[in-house]
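The chain contents come next:
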Amino acid sequence: MPTRPTPVLATRGISKDYGPNRVVSDVSLEFHRGTIHALLGENGAGKSTLMGILAGVRQPTEGDVLLDGQPVQLRSVAQGQAAGVVALPQELVLVGTLGAAENIFLGMRRPGRRGLANRRALARAAAEQLDRLGVELDLERPVAELSAVQQTMVALARALARDARVLVLDEPTAALTDTETERLFGVLRRLRSEGTTIIYVSHRLDEVFALADVATVMRNGRHVWTRPIGETDDDDVVRAMIGRSPEQAFPERSATPGECVLRVADLAGHTLKGISLEARSGRVLGIAGLAGSGRSELLRLVAGAERARAGTIEVRGRDVTRAPVGRRMAAGIGYVPEERRSQALVMNATITSNIALGSLRELSRAGVMDSGRELRRSRELAQQLRVSATSVKQDVAELSGGNQQKVVLAKYLARNPEVLLLDEPTRGIDVGTKAEIYQLVRGLGERGVAVVMVSSEIPELLGLADEIAVLHEGRLIDVVPAASATEESILHLCYRKPDR
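Computed from a prediction, not measured in an experiment: that's the story for all the values here.

Once that is clear, we can look at the domain arrangement of the chain. Taken domain by domain, the chain comprises domain 1 (9–246) and domain 2 (259–495). The gap between the C-alpha centroids of domain 1 and domain 2 is 32 Å. Contacts between the two partners involve eleven residues from domain 1 and, on the opposite side, twelve residues from domain 2. With both sides pooled, the region where domain 1 packs onto domain 2 buries about 930 Å², and carbon together with sulfur makes up 55% of that total. Our enumeration of links across domain 1 and domain 2 arrives at zero salt bridges. The interface formed by domain 1 and domain 2 includes zero residue pairs in polar contact (both at pLDDT 80 or more). Of the residues that constitute the side of domain 1 that touches domain 2, the class distribution is four nonpolar, four polar and three charged.

Spatial ordering of the open sheet is given by β18-β21-β22-β15-β23-β24, a layout of six strands whose pairing is mixed. Strand pairing shows two members of the sheet lacking a second neighbour, β18 (333–336) and β24 (475–481), which therefore form its edges. Going across the sheet, the axis of each strand differs from the next one's by a mean of 20°, ignoring polarity. As judged from the six bridges shared by strand β23 (residues 467–472) and β24, these two strands associate in the antiparallel manner.

This part takes up the pattern of salt bridges. Counted by the stated rule, this structure contains 20 salt bridges. Here the salt bridges do not stand alone but share partners, grouping Arg263, Glu278, Arg280 and Glu314 into one network.

Further remarks concern the pairing of strand β9 (residues 166–170). Here β9 lies mainly inside the structure; five of its five residues are buried. Where burial is concerned, the two faces of β9 agree: the one with Val166, Val168 and Asp170 and the one with Leu167 and Leu169 are both buried. Each parallel crossover has a hand, and for β9 linked through helix α6 (residues 178–193) to strand β10 (residues 197–201) it is right-handed.

Okay, helix α8 (residues 234–242) next. Here α8 has its buried residues at Val237, Val238, Ala240, Met241 and Ile242. Residues of α8 that are buried sit in contact with β3 (36–40), α7 (205–211), β11 (214–219), β12 (222–228) and α15 (431–446). Two to three positions downstream of the cap, the backbone nitrogen of Asp235 sits 3.2 Å from a side-chain oxygen, assigning the N-cap of α8 to Asp233. Just downstream of α8, Gly243 is the residue with a positive phi angle, here 80°.

Considering the arrangement of structural elements, one finds Leu399 in the loop between α13 (371–384) and α14 (401–413). Judged by relative accessible area, which is 8%, Leu399 ranks as buried. Between the C-alpha atoms of Leu399 and Ser48, which are 351 residues apart in sequence, the distance is 12 Å.

Right, let's talk about the sheet that holds strand β16 (residues 310–315) for a bit. The strand order across the open sheet formed by four strands is β14-β13-β16-β17, and the pairing between neighbours is antiparallel. One side of each edge strand has no neighbouring strand; the edge strands of this open sheet are β14 (275–280) and β17 (318–319). Pairing of β16 with β17, which is carried by two bridges, proceeds in the antiparallel orientation. When the sheet's bridge partners are listed, Val315 is paired in β17 with Arg318. Sitting on the sheet, helix α9 (residues 295–303) touches β13 (260–268), β14 and β16, and the angle it makes with β13 is about 110°.

The subject of this paragraph is the nonpolar core. Within the largest apolar cluster, 54 residues are counted, with the highest numbers of intra-cluster contacts made by Leu40, Leu156, Leu167 and Leu188. Among the elements that line this core, the one with the most residues is helix α5 (residues 148–161), at nine residues. Contact partners of Leu156, with chain neighbours within four places excluded, come to Leu88, Leu133, Leu167, Leu169, Leu184, Val187 and Leu188. Within the second largest apolar cluster, 46 residues are counted, among which are Tyr438, Val451, Leu461 and Val480.

Quick look at the environment of Asp233 now. Looking at the element boundaries, Asp233 is found in the loop between β12 and α8. A relative accessible area of 37% means that Asp233 is categorised as partly exposed. Among the polar contacts listed, one links the side chain of Asp233 to the backbone nitrogen of Asp235, at a separation of 3.2 Å. Separated by 2.9 Å, the side chain of Asp233 and the backbone nitrogen of Asp236 make a polar contact.

Side chains of Asp178, Glu182, Asp206, Asp233, Asp234 and Asp235 sit close together on the surface and give a patch of like negative charge. Elements that contribute at least two residues to the negative patch include exactly α6 and α8. Considering the arrangement of structural elements, one finds Asp235 in helix α8.

The rules behind each value
- Residues numbered from 1 in each chain as written.
- Predicted model: local features only at pLDDT ≥ 70, side-chain atom pairs only at ≥ 80, totals over all residues.
- Heavy atoms only, no water.
- Domains from an automatic or database assignment.
- Contact = heavy atoms within 4.5 Å.
- Buried area = accessible area lost by both parts, 1.4 Å probe.
- Salt bridge = Lys/Arg side-chain N within 4 Å of Asp/Glu carboxyl O.
- Polar contact = N/O pair within 3.5 Å; in protein donor to acceptor, adjacent residues only side chain to side chain.
- Nonpolar A, V, L, I, M, F, W, Y, C, P; charged D, E, K, R; others polar.
- Pairing = 2+ DSSP bridges.
- Helix = DSSP H or I, 4+ residues; strand = E, 2+ residues; numbered from the N terminus.
- Axes fitted to C-alpha atoms, helices over the stretch in contact; angles between N-to-C directions.
- Buried < 20%, exposed > 50% of the residue type's maximum accessible area, 1.4 Å probe, protein only.
- Right-handed = clockwise from strand over helix to strand, strands pointing away.
- Core = buried A, V, L, I, M, F, W, Y, C linked by side-chain atoms within 4.5 Å.
- Patch = residues over 30% accessible without salt bridge, like charges linked within 9 Å, V, L, I, M, F, W, Y side chains within 5 Å.
- Areas by Shrake-Rupley, 256 points an atom, 1.4 Å probe, with all protein chains shown as cover.
- Lys, Arg positive; Asp, Glu negative; His and termini not counted.
- Charge placed at Lys NZ, Arg CZ, Asp CG, Glu CD.

Shown next, in the form of structure tokens:
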């Protein structure tokens, strides 16, 4: 009988306590050489804490981390990297003003003589690391000017320069397009073939099944199961993550359309060309299209985040085309942008303060904030949206991605919007919280709100929207009933060019 190989990295009975709360409980896992091991679970399942322990960011309360079968103590990120375990967080830690070469060797002894950096040697060494990934970059260009996938490649090259044996990736595709994601997958497969162990955390199950060799599911801080990817499926994973059989995620659609609330006519922007659409009360209008089709630009133009070059925007017959953002909000437009952390939240402020940001005038008296009303409103909305937090005085930076998104939604729901614009509202959110967001969106329709939602996930649009408008290269191809559409028919429209 063949001997089972010793795992490169393993945990044995790992537990982690924060005060009286045990967030990881008795987890024993093995990560083998040359495998992509997916780590799955809802927000709050303990994945981030476990990753932190593996990378040396946190120390366990009980249990051991084993490297090549031997217990090790990783008391810092530096010790973790010295042991060959390098973590790439979702928010990449890069110095935007420096070039790729400087970022790759930041914090390391740089190529050169007598401790002095030689720019040519530095560029040559950086190019060697990027060549391992099959990537060419302008090494002098500030990384802030690089695309999201190029920045990810710089971070991966930095990990390789540290002789990483184990890469821990947290939602690496969150900011990438489909094409960029495929490019990253190619790089990860190449690293796997070279023997690198990759621990891959993602809420996108289609990615996991396309990429991973093994999957582990965690729930409530515990290890549920670990299986080869070929021996499981979506339903098994969801059932393990939420602790019950998958329920129907999408609520029933409205029976009849309401009145027109939002009308755009011949709307044009940087990408958009002559878009005419209507959004009706009680309905969800989905917006589909490939990257670069103008999906998000459409929402920004309606919200006033960008100025239209031509066309008109009306809310209940009132022309707001030239109105500033504040007047559009007063007219009933709420806008939830794709990037919630930088564009929709004040991360170091409390839940209460963030919810109040959208209703400062309504919550003030004679220009002074009524703290009592502010607190009552935030508690009411946080309870309504089932925000999981110690209290509404907790900073939003301490919340999971799904709960941060609920706070953003609460901020706009506090204004009782007529039209709610949602740009990728479930991106980076676990399946359980997604179902809650779906119920919330459909509940808004029942209250008469017109919802316009952009999503890259066509099944999400098919399940939640009433109609789907498909854009291609800035033009409207068609608007189709979601109930009679299929994923194939929507994709066909996404790739189809309009008649000129």
